[in-house]
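Architecture at a glance
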Amino acid sequence: CDECHNKEHDDVCDICGWGGELLCCDKCSLAYHLKCVNMEGLPEDEWICPKCLKPPYTPHDGPDDIAILKENFMQYGLCRLKRALTTRQTQSCLDLTLERLHEAFDTVRRLGLEQELVDVGFTTFKTRSRDRYDLRIPEFMKKEFSYMNTKAPWLPLVKAILGSKIKVVHTGVMISLPGSETQPYHMDGPHLNEKKHLPPHILNVFVPLVDLTPEVGPTEFVPTSHIQGNYWDPGTKPMTINAGVGQCILFDYRIKHRGLGNKSGTKRPVIYITYAKKDFKDVKNFSKKRYKKLPKLE
């Protein structure tokens, strides 16, 4: 970058990780290939990178209002519900999660299945990336945990977004251990129409079982990237929602996001529940043919 002699900039592109001729941000040290930020030529004036742009979305800080939260979700691809679970309910979920996680790791270790867990995974226990695991806990969908299913406080908001006829397609706990790495950006599922933006057909509810501080590695979202054509260059700054215990985050399946690395000394468990319109089927993330059952100890 010829115009930034007085600044120290990265020598690789922040998006693809390769070097070459790079466009430097005028506010930070990041640099980019023109093609990686969908530009055909050098800008004539000051250029601000995607990460320095002001995020368009600030979580609603007033009382939970379904109309406002739905509008946030439709426009930005995510929203936060401030009052979801009580401290006692969260603790019950956390206790069961840690118990089931210990059982799963113990089974894998005693049966010598460590490599299979990394390479493929099992129907109830998978490796998503290094030190990041996806654990299925069926009890969360049973009567004793009704506040997680039929009486879940987020259901009115989910129905306002997707419509009254919905179903649960996936549920489990995403657990990030200390030292876990930051994930690559991704969306959980594709658009149903390649040319036209359609209303949401599937969404995730994240219920943190610990406070999502920057140290434990919350999920980073790119607001408005759920809109058709916006994934690669939405022109908005990535952001995290540092939700606390008892709150939950709803986000569109199509939004660009990634789990950040866990720099703390504690586990970061987050329950996820995926809701979809009644007639939608997701075969991408949980194909039954792809995974085997985790054997039981004798």
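Here the structure is shown first, and the text comes after it.
Quick summary incoming for the structure in this document.

Criteria and thresholds
Residues numbered from 1 in each chain as written. Predicted model: local features only at pLDDT ≥ 70, side-chain atom pairs only at ≥ 80, totals over all residues. Heavy atoms only, no water. Helix = DSSP H or I, 4+ residues; strand = E, 2+ residues; numbered from the N terminus. Buried < 20%, exposed > 50% of the residue type's maximum accessible area, 1.4 Å probe, protein only. Arc of directions from axis to C-beta. Contact = heavy atoms within 4.5 Å. Phe/Tyr/Trp six-rings, centres within 6.5 Å; stacked < 30°, edge-to-face > 60°. Lys NZ or Arg CZ within 6 Å of the ring centre and 35° of its normal. Salt bridge = Lys/Arg side-chain N within 4 Å of Asp/Glu carboxyl O. Pairing = 2+ DSSP bridges. Core = buried A, V, L, I, M, F, W, Y, C linked by side-chain atoms within 4.5 Å.

1. Things to note about unusual backbone geometry
- The residue aspartate 131 is not glycine, and still its phi comes out positive at about 65°.
- Structurally, aspartate 131 can be placed in the loop between strand 4 (125–129) and strand 5 (132–135).
- The exposure class of aspartate 131 is partly exposed, given its relative accessible area of 21%.
- The backbone of threonine 224 sits at a positive phi, close to 75°, despite the residue not being glycine.
- Among the secondary structure elements, threonine 224 is positioned in the loop between strand 8 (219–222) and strand 9 (239–240).
- Overall, the relative accessible area of 11% leaves threonine 224 in the buried class.

2. A look at helix 1 (residues 66–76)
- Along helix 1, the residues that are buried comprise Leu69, Asn72, Phe73 and Tyr76. All buried residues of helix 1 lie within an arc of 100° about the axis, which places them on one face of the element.
- Among the structural elements, strand 3 (78–81), helix 4 (155–162), strand 7 (202–208) and strand 10 (248–252) are those in contact with the buried residues of helix 1.
- Just downstream of helix 1, glycine 77 is the residue with a positive phi angle, here 95°.

3. A few points about the packing of aromatic side chains
- One pass over the structure, following the stated rule, counts 10 aromatic pairs.
- Aromatic rings pair up to connect Phe105, Phe125 and Tyr133 into one cluster.
- Against the face of tyrosine 291 rests lysine 126, its NZ or CZ located 4.7 Å from the ring centre.
- The ring of tyrosine 185 is capped by arginine 258, whose NZ or CZ atom sits 4.3 Å from the centre of that ring.

4. Focus: the environment of tyrosine 272
- Along the chain, the position of tyrosine 272 falls in strand 12 (residues 268–277).
- What makes tyrosine 272 buried here is its relative accessible area of 5%.
- Residues tyrosine 272 and lysine 289, 17 residues apart in the sequence, show an inter-C-alpha distance of 22 Å.

5. Thoughts on the pattern of salt bridges
- Throughout the structure, instances matching the rule amount to 13 salt bridges.
- One salt bridge connects aspartate 106 with arginine 109, and the closest N-O pair in it is separated by 2.6 Å. One end of the pair, aspartate 106, and the other, arginine 109, are both in helix 2 (residues 87–111), three residues apart, so they sit about a helical turn from each other.
- Assessed through its relative accessible area of 18%, aspartate 106 is described here as buried.
- One salt bridge in this structure joins aspartate 252 and arginine 254, with 2.9 Å as the shortest N-O distance.
- Aspartate 252 gets classed as buried once you look at its relative accessible area, which sits at 1%.
- Of the residues examined, arginine 254 reaches a relative accessible area of 1% and is grouped as buried.

6. Remarks on the pairing of strand 5
- Burial of strand 5 is two-sided: the residues Arg132 and Asp134 facing one way and the residues Tyr133 and Leu135 facing the other way are all buried.
- Pairing between strand 4 and strand 5: four bridges, direction antiparallel. Bridge pairing in strand 5 links phenylalanine 125 to leucine 135.
- The hairpin turn running from strand 4 into strand 5, its antiparallel successor, is two residues long, and aspartate 131 in that turn takes a positive phi close to 65°.
- Pairing of strand 5 with strand 6 (residues 166–176), which is carried by four bridges, proceeds in the antiparallel orientation.

7. A few points about the nonpolar core
- Residues Trp154, Leu250 and Tyr275 are the most contacted members of the largest nonpolar core, which totals 60 residues.
- The biggest single contributor to this core is helix 2, with six residues.
- Membership of the second largest hydrophobic core comes to 12 residues, among which are Cys13, Leu22, Cys25 and Val37.

Shape is all these values report; function is a separate question.
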